[in-house]
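Structure assessment
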Amino acid sequence: MVVRLSQWVLWMIGAVWVALLPVTPAFAAMQAQEGDLDLGLPASAQRNAPALWQPLFAGCSPATVTPVNPDFEQQLVERVNDHRASIGRPPLKSVPQLDQSARYHVRDMRDDAYFSHDTYDRVNGQTVKVCDWDQRINNYYTGWLWLGENIAAGYTSPASVMNAWLNSSGHRSNIESTDAWEIGIGYDAGGYYGHYWTQDFGRRANVYPLVIQREYSRTATPAVSVFIYGNWQQMRLRNDAGPWSAWQPFYSTFTWQLNWVQGTRQLCAEVQSGSQTMTTCDTIELTTSAPALLAQPAQVSFVYVLSTGQRFPQTASLSLTTNPPDQALSWQVGAAPAWLTITPNASSTPNPNVQLTLNVLQIPGAPGLYTGVAQFNATNANVGATVNVSVRVVSSLPYRSFAPLVRR
């Protein structure tokens, strides 16, 4: 575990320990007891793996590393933010700069057969230090105000390595730090220990992350939690490339409704204090689409008699449902002819008892056929349903008489 403040801040927290391979199990156990390493030693660690791996990197120049298991890395981000939420800490934003720094480090430790925060090359069987850990991170993540790093080897799953880090006070302090706003994860497989893990934590000047749903990769519901870093006076928001909302007071934590369309959704916030304005965004995969809002029947007709004030029928009933039926929608009446009254004017699905009645004060005073549309809009999705309605206004009902039926 290491933490470091920016070179502009004149104090440092924590300590840096260096452990270089070849590492025997006895030596690794000793280091773990001293509190620096949370190092697991699976049976596969006994392989003579270093001779099988050819280093890809030399020196300390940055390089792009393709992730070996992005699902492992994502799981670790989510576990970090779940733990932070359990103790009242805000979520960390996953950023590609720290991901690349962490992936570079796990690949380099695997290939050059060493275990240390600092970066080493293996030359003629000997480890040679080429740069400090913060220099390596700075190759990817510039303008930082604070850095922290956790490393581990041998643990076979995100759950096991996270548990080990949380049981070490130094590593736990990095995970829980309020100085960290961003995170990157690196995982690699193979090498001497079989599994290598790095967590890089950071905070940059003039970067204020927006984090959707604790940085989970996906959500089934469009209602998501949002956290925005910084102290601002006001904000406005928008979904995808849509219009901005009105300006409103700034809240660091709130719930937001994404566009309910399956796929990658984006939320952006424009935040402002005085003359300072900035935009910050995040994305998440929405795994569902909004259900269809259905109204039955789709057409309703009335007759109104001017001479008597009679209405036929007195009331027409509608049923509002969704497809699929297990996804409820809240709805409200969006529009209706002035001569039509809809009760209730807002509810949720399913509702089989929506009543349509004529508003006699608004019915036209001349005979004729008058038509309109009743619009029902979902308030938690961009969907709606329409019902065609008509009223035939007549002066009076035709007079009818019937003679008795006789048979012989």
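Structure first, text after, so check above.
Presented here is an overview of the structure given in this document. (Residues numbered from 1 in each chain as written. Predicted model: local features only at pLDDT ≥ 70, side-chain atom pairs only at ≥ 80, totals over all residues. Heavy atoms only, no water.)

**Here's the deal with the packing of aromatic side chains**
Centre distance and the angle of the planes are the two values used to describe a pair of aromatic rings. Evaluation of the coordinates by the stated rule reveals 13 aromatic pairs. The interplanar angle of 70° and the centroid separation of 5.1 Å between the aromatic rings of Phe72 and Tyr187 together place this pair among those described as edge-to-face. With a gap of 115 residues between them, Phe72 in helix H2 (residues 70–86) and Tyr187 in strand S8 (residues 182–190) connect regions that are remote in the sequence. Judged by its relative accessible area of 17%, Phe72 falls in the buried class. With 5.0 Å between their ring centres and 80° between their planes, Tyr208 and Trp232 make a pair best called edge-to-face. Taken together, the positions of Tyr208 in the loop between strand S9 (194–204) and strand S10 (210–212) and Trp232 in the loop between strand S12 (223–228) and strand S13 (234–239) put the pair 24 residues apart, joining distant regions of the chain. Tyr208 gets classed as buried once you look at its relative accessible area, which sits at 19%. Classification of Trp232 by relative accessible area gives buried; the value is 9%. (Phe/Tyr/Trp six-rings, centres within 6.5 Å; stacked < 30°, edge-to-face > 60°. Helix = DSSP H or I, 4+ residues; strand = E, 2+ residues; numbered from the N terminus. Buried < 20%, exposed > 50% of the residue type's maximum accessible area, 1.4 Å probe, protein only.)

**Side note on the sheet that holds strand S20 (residues 311–312)**
Within the open sheet, the six strands sit side by side as S20-S19-S27-S26-S22-S24. Their pairing is mixed. Every other strand in the sheet has two partners, leaving S20 and strand S24 (346–348) as the edge strands with one partner each. Judged from the two bridges that link them, strand S19 (residues 299–305) and S20 form a sheet pairing that is antiparallel. Among the inter-strand pairings, Tyr304 is bridged to a residue of S20, identified as Arg311. (Pairing = 2+ DSSP bridges.)

**Examining unusual backbone geometry**
Note that the residue after Gln296, namely Pro297, is joined by a cis bond; omega there is 0°. If you trace the backbone, Pro297 turns up in the loop between strand S18 (292–296) and S19. Residues other than glycine seldom take positive phi values, yet Ala113 does so here, at roughly 55°. Positionally, Ala113 belongs in the loop between helix H3 (96–112) and strand S4 (115–116). Its relative accessible area of 4% is what places Ala113 among the buried residues. The phi dihedral of Gln213 is positive, around 50°, even though this residue is not glycine. Looking at the secondary structure, you find Gln213 in the loop between S10 and strand S11 (218–219).

**Focus: the pattern of salt bridges**
The full count for this structure, using the stated rule, is 15 salt bridges. Measuring nitrogen to oxygen at the nearest pair gives 2.6 Å for the salt bridge that ties Glu270 to Arg236. In this pair, Glu270 is assigned in strand S16 (residues 263–273) and Arg236 in strand S13, connecting sequence segments 34 residues apart. For Arg236, a relative accessible area of 22% puts it in the partly exposed group. Its salt-bridge partner being Arg265, residue Asp240 comes within 3.0 Å of it at the nearest N-O pair. Of this pair, Asp240 sits in the loop between S13 and strand S14 (248–249) while Arg265 sits in strand S16, and the two are 25 residues apart along the sequence. (Salt bridge = Lys/Arg side-chain N within 4 Å of Asp/Glu carboxyl O.)

**Considering the environment of Asn380**
Relative to the helices and strands, Asn380 is located in the loop between strand S26 (368–378) and strand S27 (384–394). Taking the C-alpha atoms as reference points, Asn380 and Ala223, 157 residues apart in sequence, are found 8.3 Å from one another. In this structure the side chain of Asn380 is engaged in a polar contact, spanning 3.3 Å, whose partner is the backbone nitrogen of Ser330. (Polar contact = N/O pair within 3.5 Å; in protein donor to acceptor, adjacent residues only side chain to side chain.)

**Examining the packing of helix H5 (residues 158–166) against helix H6 (residues 169–176)**
Across the interface, H5 lies against H6 with an axial gap of 6 Å and an inter-helix angle of 105°. Comparing the axis directions of H5 and H6 gives the class roughly perpendicular. Counting all contacts with H5, which are made through Met162, Trp165 and Leu166, the residues of H6 involved are His171, Arg172 and Ile175. (Axes fitted to C-alpha atoms, helices over the stretch in contact; angles between N-to-C directions. Parallel < 35°, antiparallel > 145°, perpendicular 65-115°, else oblique. Contact = heavy atoms within 4.5 Å.)

**Re the state of the cysteines**
Summed over the entire model, instances satisfying the criterion amount to two disulfides. Shown here is the disulfide that connects Cys60 with Cys131, its sulfur atoms set 1.9 Å apart. Across the S-S bond linking Cys60 and Cys131, the dihedral sits near 60°, which makes this disulfide right-handed. Separated by 71 residues along the polypeptide, Cys60 in the loop between helix H1 (25–33) and H2 and Cys131 in strand S6 (residues 126–131) bring together distant segments of the chain. (Disulfide = S-S within 2.5 Å.)

**Some remarks on the side chain of Ser390**
Positionally, Ser390 belongs in strand S27. Judged by relative accessible area, Ser390 falls into the buried class, the value being 13%. A polar contact of 3.2 Å, which involves the side chain of Ser390, links it to the side chain of Ser301. The contact partners of Ser390, leaving out residues within four places of it in the chain, are Val300, Ser301, Phe302, Trp339, Leu369, Tyr370 and Thr371.

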